[in-house]
Amino acid sequence: MDFNDTPEEAAYRAEVRKWLDANAPKKAVADDGEGGGSMAASKAWQAKKAAAGYAQITWPKEWGGAGGTPIQQVIFSAEEAKHPIPGNPFQIGLGMCVPTVATFADQATKDRFVGPALRGEEIWCQLFSEPSGGSDVAAARTKAVRADDGSGDWLISGQKVWTTGAQFSDFGIVVCRTDPDAPKHKGLTMFWLDMHSPGVEVKPIHQMSGGSGFNEVFFTDVRVKNSQMVGPLNEGWKVSLVTLMNERLAVGGASGAGWKEFMEAARGVQGYDGHAAIKDHAIREKLADWYVQAEGLKHTRNRTMTALSRGQTPGPESSIGKIVSAVQMQDLGNSALEMLDQFGIIADPELAPLHAAFHTSVMFAPGLRIAGGTDEILKNIIAERVLGLPGDIRVDKDVAFKDMPTGR
Amino acid sequence: MNFDFSDDQKFLKGEARKFLEANSPTTKVRKVLDDDAKAYDADLWAAVAGQGWLGAAIPEEHGGLGLGHLELCVIAEELGRAVAPIPFASTVYFLAEAVMLAGDDKQKAAILPKIAAGELIGALATSEGPGVLTEGSVKTTVAGGKLSGVKIPVTDGDIADLCLVIAKENGKSGLYLVDLNGAGVTREAVKTLDPTRDAARLVFKDAPAERLGPAGEGFALLEQINDRAAILLSFEQCGGADKCLEMAKAYALERYAFGRVIASYQAIKHKLADMYVKNELARSNSYYGAWALNTNAPEMPIAASAARIAASEAFWFASKENIQTHGGIGFTWEMDCHLYYRRSRQLSLVAGAPRVWKERLVSHLERRNAA
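Not measured: the values here are computed from a predicted model.

Draft legend 1. Layout of the overall build of chain A. A tally of helices and strands in chain A yields 11 helices and eight strands. Counting only residues that meet the buried cut, chain A has 38% of its 408 residues in that class. A separation threshold of at least 6 residues defines the contact pool for chain A, and within that pool the share at least 24 residues apart is 69%.

Draft legend 2. Representation of the overall build of chain B in the model. A tally of regular secondary structure across chain B gives 11 helices and nine strands. The C-alpha atoms of chain B give a radius of gyration of 20 Å, which matches the 21 Å a tight globule of 371 residues would have. For chain B, the spread of C-alpha atoms along the principal axes amounts to about 75 × 50 × 40 Å. Relative to its 371 residues, chain B shows a buried fraction of 56%. A sequence separation of at least 24 residues applies to 74% of the contacts in chain B between residues at least 6 apart.

Draft legend 3. Representation of the domain arrangement of chain B in the model. Residues and elements named next belong to chain B. The domain architecture assigned to chain B consists of domain 1 (7-119), domain 2 (123-215) and domain 3 (219-370). Computed over C-alpha atoms only, the centres of domain 1 and domain 2 are separated by 22 Å. The partner domain 2 presents 17 residues to the 17 residues of domain 1 that form the contact. When contributions to the side of domain 1 that touches domain 2 are tallied by element, the ones reaching two or more residues are helix H2 (26-34), helix H5 (88-102) and helix H6 (105-117). With six residues, H5 is the largest single contributor of residues to the side of domain 1 that touches domain 2.

Draft legend 4. Representation of the packing of helix H8 (residues 281-309) of chain A against helix H11 (residues 354-370) of chain B within the structure. Here H8 of chain A crosses H11 of chain B at 80°, and the two axes come no closer than 9 Å. Put simply, H8 of chain A runs roughly perpendicular to H11 of chain B. Residues Arg284, Glu285, Leu287, Ala288 and Tyr291 of chain A of H8 of chain A form the contact with H11 of chain B, whose participating residues are Arg355, Lys358, Glu359, Leu361, Val362 and Leu365 of chain B. Class assignment of the residues belonging to the contact of H8 of chain A with H11 of chain B gives a composition of six nonpolar, no polar and five charged.

Draft legend 5. Summary view of the interface of chain A and chain B. Counting residues at the interface gives 35 residues for chain A and 38 residues for chain B. Of all the elements in the fold, those that place two or more residues in the side of chain A that touches chain B are H8, helix H9 (321-339) and helix H11 (375-386) of chain A. If you tally residues by element for the side of chain A that touches chain B, the top one is H8 of chain A, at 16 residues. Across the side of chain A that touches chain B, the residue classes break down as 18 nonpolar, nine polar and eight charged.

Draft legend 6. Structural view of the domain arrangement of chain A. Domain annotation of chain A identifies domain 1 (7-89), domain 2 (124-248) and domain 3 (259-370). A C-alpha centroid distance of 28 Å is found between domain 1 of chain A and domain 3 of chain A.

Draft legend 7. Region of the structure containing the pairing of strand S1 (residues 122-125) of chain B. Residues and elements named next belong to chain B. The alternating pattern of S1 places Gly122 and Leu124 on one face and Ala123 and Ala125 on the opposite face, and all of these are buried. Note: S1 against strand S4 (residues 162-169), four bridges, orientation parallel. Across the sheet, residue Gly122 finds its bridge partner in S4, namely Leu162.

Draft legend 8. Structural view of the packing of H9 of chain A against helix H10 (residues 353-368) of chain A. All names here are of chain A. The N-to-C vectors of H9 and H10 enclose an angle of 150°; their axes lie 8 Å apart at closest approach. Overall, the two elements H9 and H10 adopt an arrangement that is roughly antiparallel. Crossing of H9 against H10: the hand is left-handed. Residues Ala326, Met329, Gln330, Leu332, Gly333, Asn334, Ala336 and Leu337 of H9 form the contact with H10, whose own contacting residues are Phe358, Ser361, Val362, Ala365, Pro366 and Leu368.

Draft legend 9. Representation of the nonpolar core within the structure. Ranked by internal contacts, the top residues of the largest apolar core, which has 212 residues, are Phe191 of chain A together with Cys163, Leu164, Tyr176, Val178, Leu272 and Ala306 of chain B. Take this core: its biggest share by element is 17 residues, from helix H7 (residues 218-254) of chain B. Apart from residues no more than four positions distant in its own chain, Leu164 of chain B is found in contact with Phe94, Leu95, Ala98, Leu124, Ala125, Leu175, Leu177 and Leu212 of chain B.

Draft legend 10. Representation of the pairing of S4 of chain B in the model. With six of eight residues buried, S4 of chain B is to be regarded as a mostly interior element. Hairpin remark: S4 of chain B followed by strand S5 (residues 172-179) of chain B, antiparallel, with two residues in the connecting loop; positive phi at Asn170 of chain B, about 55°.

Draft legend 11. View of the confidence of the model for chain B. When the pLDDT values of chain B are averaged, the result is 97; 100% of them are 70 or greater. This prediction of the complex comes with two scores: 0.94 for pTM and 0.94 for ipTM.

Draft legend 12. Geometry of helix H9 (residues 300-326) of chain B. All names here are of chain B. Spanning 27 residues, H9 covers 38 Å between terminal C-alpha atoms, matching the ideal 39 Å at 1.5 Å per step. For H9, the buried fraction is high: 25 of the 27 residues fall into the buried class. Backbone geometry just after H9 places Gly327 at a positive phi near 70°.

Draft legend 13. Inspection of unusual backbone geometry at higher detail. Omega for the bond connecting Ile152 of chain B with Pro153 of chain B falls within 30 degrees of zero, at -5°, which places this linkage in the cis form. Even without being a glycine, Asp273 of chain A presents a positive backbone phi close to 55°. Of note in the backbone geometry, Asp156 of chain B takes a positive phi value of approximately 65° without being a glycine. Here Asp156 of chain B is to be found in the loop between strand S3 (146-155) and S4.

Draft legend 14. Just the environment of Lys243 of chain B, in detail. All names here are of chain B. Counting through the fold element by element, Lys243 comes out in helix H7. You can call Lys243 buried: it has 22 C-beta atoms within 10 Å. Lys243 sits 118 residues away from Leu361 along the chain, and the two C-alpha atoms are 28 Å apart. With residues near it in sequence (within four places) discarded, Lys243 still touches Arg81 and Tyr340.

Scoring rules and cut-offs
- Residues numbered from 1 in each chain as written.
- Chains lettered and ligands numbered in written order.
- Predicted model: local features only at pLDDT ≥ 70, side-chain atom pairs only at ≥ 80, totals over all residues.
- Helix = DSSP H or I, 4+ residues; strand = E, 2+ residues; numbered from the N terminus.
- Buried ≥ 20, exposed ≤ 12 C-beta atoms within 10 Å, placed from the backbone.
- Contact = placed C-beta atoms within 7 Å.
- Rg over C-alpha atoms; globule rule 2.2 N^0.38 Å.
- Domains from an automatic or database assignment.
- Axes fitted to C-alpha atoms, helices over the stretch in contact; angles between N-to-C directions.
- Parallel < 35°, antiparallel > 145°, perpendicular 65-115°, else oblique.
- Nonpolar A, V, L, I, M, F, W, Y, C, P; charged D, E, K, R; others polar.
- Pairing = 2+ DSSP bridges.
- Left-handed = near helix turned anticlockwise from the far one by under 90°.
- Core = buried A, V, L, I, M, F, W, Y, C linked by C-beta atoms within 7 Å.
- pLDDT = per-residue confidence, 0-100.
- Expected span 1.5 Å × (residues − 1).

Shown next, in the form of structure tokens:
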């Protein structure tokens, strides 16, 4: 038991380090936090990686990948993170959309899309969630109907929501209702589409945290060709499972202020009796709990990496990351505000400790507890897929979608 | 990255599980639970000695198997899973570790082979009453090689042969070995929350005592011993916590209420998912502890604290929610749920309560981050 690379991994790490030292950006480009601020820098870095075979290391060589192993990807990402690299707006496309399209598409379509996506020339978004269905993706109401002009084309109408990166995406994959008379899982079809098509309208969502990282996307008779269907007609649910399988790997855990920042703040804030707050035992107990959780997650990742390093499939322990870190982000942030006492209401980054990092945590954590699987859905997943407990009794499986109760 | 046990260690773990399933089913554990006169399972103790487990981490020159601490960790996990009613922790995690850490050659040669052979049961005596023991509060004293004072509770103090005692000599703390079968020792068993793990009140009156380790550094040494024991205990806790989750799952899958299996209710599913998350966090922290113990890393106090805190929380949560999942039947003496509930309390308190370790952890973090 140790934390060392195998000789092969060490050699790969050395090679990666050498390449990054020669090629990685030397200083950070300002990012507006919404993925678009440093787009030029992001695209330039992606193109460089693609040319060297580092853009998607585990992809096969015919797709422009390196045919590498998951542990090589882990090593590259860890080394890359040590450099001031720009944001990565390609992750959803390369991690979820393009593999889905490529799994079902013909060779010409693959040839058309894989390369440009890999090189960062084209960005993809995933259009699944709707106002009436977040966790329940199969309840999608956005409909696709055949055009009545004999062209075989489809007309898409409806609304998607929480679409990351829609504002700068070139293409998207969209789940549509094609048979409302069938039960809900059996009347869906997946299409890819050009986000610049007539009838597509993207509106940013104003989040409770103040930012706008996500969008609403409205479709009004958006015309797509029958050849843009991904997978068979009315088999869109099965196709979307291919996409979603990759999502939980892509939605990362919480970042931002953690136990170290909390401890630093506690040293500088007055607690009871005029001592620093770090001397308060209630504060110390909480700090200990957060440290232990954070270490638990860190070493769980190390266990996952060990499985990858040994060429094994990681165990289910890798599924706990977001569920733990998102809740901790919220509670830790709130405890820090309470530690500041009355001053905690001040969110001005000029006045609040650590440029109001704890306030940011408190206001962003509610979103993180929902994105990419809510706490409740993730617990269902652990219960059903890890522990093997039965699924819920369903009232929506055999009912025609159009007859399903919707509440409004 | 190689942050897992080896195939050989996993094989040993599997063999240990089979051995304990055969030699220490809960029907046998209950013989110790139900019989006040029975302090431990002497047959199992002898069998465990026969397997070489008592000397797994003891060097071959002192009669052990000379394997290492990672092997001891996987054995510990299985002992916890089986709620084994034997003085393994007292003898191996505390006494043997203390002797290997601080004993001189003569002490090692005299004590370790006997431990490995199952001929000597050990104990560690620190507590003198309710609340946290501090260096200032120790009342037991040593003068002229004779130790006097009262220690309560001493886990396995009613059956141990050799006890390591913290006491003060010339106003400074030290650790002393006392033969509990010798002169100047009286002992009486006390009723414990987990009757499968006994404890005693020990009264020393001019009992012959031999110092272990340097004079005046008893507390510093005790902390090192507790770190090592805490890591090993955390594996017992992980084993127990995982078993509780398995019991809860098995019951939830067979019990029907309101026309459906209770495992299909989200209230139950989420409870079990919460158990799983805590158990995995505990396991990962314990693995780091195992690494620190095996390499004698300077991070050991922090790693041990984290392992102890996470594993105590996981076992407590899993053992109490296992009872809750079982409902009324879980509250009966006949169901095994309470064996784990009791053991979770015993393991969380025997080397100092988690809140003490939290304080200790933060103190170390403050020092590390100031450096």
